[in-house]
Amino acid sequence: MAKKIIISAELEELSWEELTISERELLDEAKKISHDAYAPYSDFQVGAAALLASGLILKSSNQENVSFPVGVCAERLVLGFAGANYPKDPVRQLAIVAKKAGQEKWATVSPCGLCRQTISESERRFDQAIELLILLPSGNVLKVPGIEALLPFKFEDLNG
Ligand code: THU
């Protein structure tokens, strides 16, 4: 008989009031930068803010290209910048928000596959989980303890 393997993850949904001041600040930074997204092809404006162990906050929005695959997600840009400029300062938390241009309400967003793999590498680099804070359209925030929750059974798990 085939053995069943169940993969599960525990995420938390918190109200704005349940967040710490520092978490709110990180999300606010992601909101601010999202307004400057260069997203003329999708109109989907994403903001990502990374909190480094030193307390520094780095931010990015998504940057698209007329040749669609060339565009880069907000998460990958900010993690790349962090790795290049602060190679000894691990990313501890990553706040992610998104909005359709011109709309009032925040949109549902969740990191794409490439970004999940990139987050995974940033965790691997410093052997430390990165907590994700994802803003939901309700105004609540989804707290993800680390990429394992969104990317189980990844290449790294199989290859050490
Ligand atoms: N995008 C991000 O920047 N982050 C995500 O988590 C999801 C998608 C971007 C890619 C593209 O510029 C636009 O949003 C629509 O997919």
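Residues numbered from 1 in each chain as written. Predicted model: local features only at pLDDT ≥ 70, side-chain atom pairs only at ≥ 80, totals over all residues. Heavy atoms only, no water.

(A) Local environment of the overall build of the chain. Check the secondary structure of the chain and you find four helices and six strands. If you list the helices and strands of the chain from N to C, you get β-α-β-β-α-β-α-β-β-α. If one aligns the C-alpha atoms of the chain with their principal axes, the spans along those axes are about 55 × 40 × 35 Å. Relative to its 160 residues, the chain shows a buried fraction of 41%. Look at the contacts in the chain between residues 6 or more apart in sequence, and 62% of them connect residues 24 or more apart. Counting 17 positive and 22 negative side-chain charges, the chain places the averaged centre of each group 3 Å from the other. (Helix = DSSP H or I, 4+ residues; strand = E, 2+ residues; numbered from the N terminus. Buried < 20%, exposed > 50% of the residue type's maximum accessible area, 1.4 Å probe, protein only. Contact = heavy atoms within 4.5 Å. Lys, Arg positive; Asp, Glu negative; His and termini not counted. Charge placed at Lys NZ, Arg CZ, Asp CG, Glu CD.)

(B) Helix H1 (residues 21-34), seen in detail. With 14 residues, H1 should reach 20 Å at 1.5 Å per residue; the first-to-last C-alpha distance of 20 Å fits that figure. For H1, the set of buried residues is Glu23, Leu26, Leu27, Glu29, Ala30, Lys31 and Ser34. If you follow the buried residues of H1, they end up packed against strand E2 (44-52), strand E3 (57-61), strand E4 (91-100), strand E5 (131-135) and strand E6 (141-144). (Expected span 1.5 Å × (residues − 1).)

(C) Main features of the side chain of Ser60. Counting through the fold element by element, Ser60 comes out in strand E3. Judged by its relative accessible area of 11%, Ser60 falls in the buried class. With residues up to four places along the chain from it excluded, the contact list for Ser60 reads Ile33, Val46, Gly47, Ala48, Ala74, Leu77 and Val78.

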